[in-house]
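Tertiary structure, described
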Amino acid sequence: MTISEQWIERADKVIMKTYGRYPIVPVRGAGCRVWDADGREYLDFLAGVAVNNLGHCHPKVVAAIREQAATLIHCSNYYHIPPQIALAELLCGRSFADRAFFCNSGAEANEAAIKLARKYSRETFGPERYTIITAAESFHGRTMATVSATGQEKVQRFFDPLLHGFVHVPFNDAAAIAAAVTPQTCAVMLEPIQGEGGVNIPAPGYLKAVREICDRCGLLLILDEVQTGLGRTGKLFAHEHFGIEPDIMTLAKALAGGAPIGTMLAREKYAAAFSPGTHGSTFGGNPLMTAAALAAVNALLDEGLLERATAMGAYLVKRLGELQAKHAIVEEVRGIGLMVGMKLTVPGGEIVKQGHARGLLLNVTHDTVLRFVPPLVVTEREIDEAVAILDGLLAAAAAS
Ligand SMILES: *Cc1c(COP(=O)(O)O)cnc(C)c1O
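Overview of the structure. (Residues numbered from 1 in each chain as written. Predicted model: local features only at pLDDT ≥ 70, side-chain atom pairs only at ≥ 80, totals over all residues. Heavy atoms only, no water.)

Concerning the nonpolar core
Counting 62 residues, the largest nonpolar core has Phe45, Leu320, Met342, Leu370, Phe372, Leu390 and Leu394 as the members making the most contacts within it. If sequence neighbours within four positions are ignored, Leu320 has contacts with Val333, Val340, Met342, Phe372, Val387 and Leu390. The next biggest cluster of nonpolar side chains, apart from the first, holds 28 residues, and it includes Ala174, Ala176, Ile177 and Val373. (Core = buried A, V, L, I, M, F, W, Y, C linked by side-chain atoms within 4.5 Å. Buried < 20%, exposed > 50% of the residue type's maximum accessible area, 1.4 Å probe, protein only. Contact = heavy atoms within 4.5 Å.)

Observations regarding the state of the cysteines
Evaluation of the coordinates by the stated rule reveals 0 disulfides. Sulfur of Cys32: no disulfide; nearest cysteine sulfur belongs to Cys57 and is 13 Å away. Cysteine Cys75 shares no disulfide, and the gap to the nearest cysteine sulfur, in Cys103, comes to 17 Å. The partly exposed category is assigned to Cys75, whose relative accessible area is 26%. (Disulfide = S-S within 2.5 Å.)

Topic: the environment of Asn200
Considering the arrangement of structural elements, one finds Asn200 in the loop between β7 (185-190) and α9 (206-217). The exposure class of Asn200 is buried, given its relative accessible area of 18%. The spacing of Asn200 and Ala299 is 99 residues in sequence and 28 Å in space, taken between C-alpha atoms. Look past the residues within four positions of Asn200 in its chain and what remains in contact with it is Phe171, Ile193, Gln194 and Arg334. One polar contact links the side chain of Asn200 to the main-chain carbonyl oxygen of Gly197, over a distance of 3.0 Å. In this structure the side chain of Asn200 is engaged in a polar contact, spanning 3.5 Å, whose partner is the side chain of Arg334. (Helix = DSSP H or I, 4+ residues; strand = E, 2+ residues; numbered from the N terminus. Polar contact = N/O pair within 3.5 Å; in protein donor to acceptor, adjacent residues only side chain to side chain.)

Some thoughts on helix α5 (residues 106-125)
The end-to-end C-alpha distance of α5, which contains 20 residues, comes to 28 Å, matching closely the 28 Å that a straight helix rising 1.5 Å per residue would cover. The residue sitting at the N-terminus of α5 and contributing the capping side-chain oxygen is Ser105; that oxygen lies 3.2 Å from the backbone nitrogen of Glu108. Directly after α5, the chain includes Gly126, whose backbone phi takes a positive value near 120 degrees. (Expected span 1.5 Å × (residues − 1).)

Notes on the packing of helix α3 (residues 59-69) against helix α11 (residues 287-302)
Where α3 meets α11, the closest approach of the two axes is 8 Å, and the angle between their N-to-C directions is 155 degrees. Here α11 runs roughly antiparallel to α3, going by the angle between their axes. Considering only the axes of α3 and α11, their crossing is right-handed. On α11, the residues that touch Lys60, Val61, Ala64, Ile65, Gln68 and Ala69 of α3 are Pro287, Leu288, Ala291, Ala292, Ala295, Ala296 and Ala299. A class-by-class count of the residues in the contact of α3 with α11 yields 11 nonpolar, 1 polar and 1 charged. (Axes fitted to C-alpha atoms, helices over the stretch in contact; angles between N-to-C directions. Parallel < 35°, antiparallel > 145°, perpendicular 65-115°, else oblique. Left-handed = near helix turned anticlockwise from the far one by under 90°. Nonpolar A, V, L, I, M, F, W, Y, C, P; charged D, E, K, R; others polar.)

Considering the pairing of strand β1 (residues 26-30)
By the bridge criterion, 4 bridges tie β1 to strand β2 (residues 33-36) in an arrangement that is antiparallel. Directly across from Arg28, in β2, lies its bridge partner Trp35. Linking β1 back to β2 in an antiparallel pair, the connection comprises 2 residues, with Gly31 at a positive phi of about 55 degrees. (Pairing = 2+ DSSP bridges.)

With respect to unusual backbone geometry
Cis geometry marks the peptide bond from Asp160 to Pro161; its omega dihedral reads -5 degrees. As for its position among the elements, Pro161 is in the loop between α7 (153-156) and β6 (166-169). For Asn172, which is not a glycine, the phi torsion comes out positive at approximately 70 degrees. Tracing the backbone shows Asn172 in the loop between β6 and α8 (174-180). In the Ramachandran plot, His366 falls in the positive-phi region, its phi being about 55 degrees despite a non-glycine side chain. Here His366 is to be found in the loop between β14 (363-365) and β15 (369-372).

A few points about the packing of helix α12 (residues 305-326) against helix α14 (residues 380-399)
Axis separation between α12 and α14 bottoms out at 10 Å; the angle between their running directions is 20 degrees. Taken together, the axes of α12 and α14 lie roughly parallel to each other. In this structure, the crossing between α12 and α14 has a hand that is right-handed. Taken together, the residues of α14 that come into contact with α12 (itself represented by Met312, Tyr315, Leu316, Arg319, Leu320, Leu323 and Lys326) are Glu380, Ile383, Asp384, Val387, Leu390, Asp391 and Leu394. Looking at side-chain class alone, the contact of α12 with α14 contains 9 nonpolar, no polar and 5 charged residues.

Remarks on the pattern of salt bridges
Going through the model one piece at a time under the given rule, you end up with 17 salt bridges. Where Arg371 meets Glu196, a salt bridge forms, and the shortest distance between an N and an O atom there is 2.8 Å. Of the two residues, Arg371 sits in strand β15 while Glu196 sits in the loop between β7 and α9, which places them 175 residues apart along the sequence. Ionic pairing is found between Glu245 and Arg267, a salt bridge with its closest N-O pair at 3.4 Å. Of this pair, Glu245 sits in the loop between β8 (220-224) and β9 (248-251) while Arg267 sits in the loop between β10 (262-266) and α10 (268-271), and the two are 22 residues apart along the sequence. On the accessibility criterion, Arg267 (23% relative accessible area) is partly exposed. Several salt bridges share partner residues, and in doing so they unite Arg211, Asp215, Glu245, Asp247 and Arg267 into one network. (Salt bridge = Lys/Arg side-chain N within 4 Å of Asp/Glu carboxyl O.)

Some details on the site of the ligand
Residues in close proximity to the ligand include Ser105, Gly106, Ala107, Asn110, Phe139, His140, Gly141, Glu191, Asp224, Val226, Gln227 and Lys253, which together make up its full environment. Interatomic distance of 2.7 Å between a side-chain N/O atom of Asp224 and a nitrogen atom of the ligand. Note that an oxygen atom of the ligand is positioned 2.6 Å from one of the side-chain N or O atoms of Lys253. For the ligand, whose accessible area on its own is 390 Å², the fraction buried by protein is 81%. Of the residues forming the shell around the ligand, the biggest block, 3 residues, is contributed by α5. Classifying every residue of the shell around the ligand by side-chain character gives 3 nonpolar, 6 polar and 3 charged. (Near = heavy atom within 4 Å. Areas by Shrake-Rupley, 256 points an atom, 1.4 Å probe, with all protein chains shown as cover.)

Below, the structure is given as structure tokens:
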């Protein structure tokens, strides 16, 4: 038995089966590569689901974690936390936001956004104003409130009764949002580009139209940038592509270079609704995680990785376009920066498995969309390597 197989056998006995895990046991990573317990090398085009934007074990993040771990790991939000303050200054200084709340995940950041929107709206307009409009095929997390916000039946089934007060409308349909607004509506919550829903790009003018509806009806616009944020699309935040600003934005995945953290950022007008005691988190924004995030965001900016995401994203889309021209099972290639989807005419699950066998980590979402979210430090050579493997996988898939 290989070392990986031994671990898998042990996992089988004690780990809850919440994930359909692949038979791979990564134990080490550097840049765009990971190695498994038996020393097999993989080219990583999933990057921990858009988490490792800086590549694996970025030296500045590693150093920040080492140093902070030896200084103060945790103390509690009863006190002021210097790296948390510096991180909030950095994120607010680079965005529309005035204040940050820190938590530990994307779902928690969205929970905070939902609670803030409700509290602000109830205090400003009255207790009946609590409904949030979200999109079909959206994904906002796995807690009860974020499952209720998510527009996918497969995430919601088994967990009734869901949280009351969410209305789902088709993505890319501003008229549907306008039609869904009632006196009870308090906010619209969207991913600027849907990730789990299949890398769905907003139509030209969609987000601007949504912003206008929110302004006209006095609704908060909440953007879930948990996956699209932190340079993934070539801008620090994806909404910068569309000429709008939200009132609340949530971030998580890539924020701390792989360490768990989430944040909700808001304009002062709304942030003021969270008074002492109304929301909180034990670990949220603790010294260790915020030191890691501070190093990660600074590395992203200092090392030109936004520009790099734009350039490498264009190159990846061009190379994938060549595969589209060659393989009839490729229906469409779409993406912004290094958030790229390849829509197939067939389910992509087997291609992912065969990719693993050939040393390429990739992912399928929404059944038929191969999703490419490599580290932003990816090189043209690494893209060429992935495309060469994919070329073979698509040919094999078409033949079977
Ligand atoms: C991953 C994701 C989440 C959930 O984040 P967790 O850290 O898993 O809770 C929420 N929204 C979007 C858009 C995501 O991609």
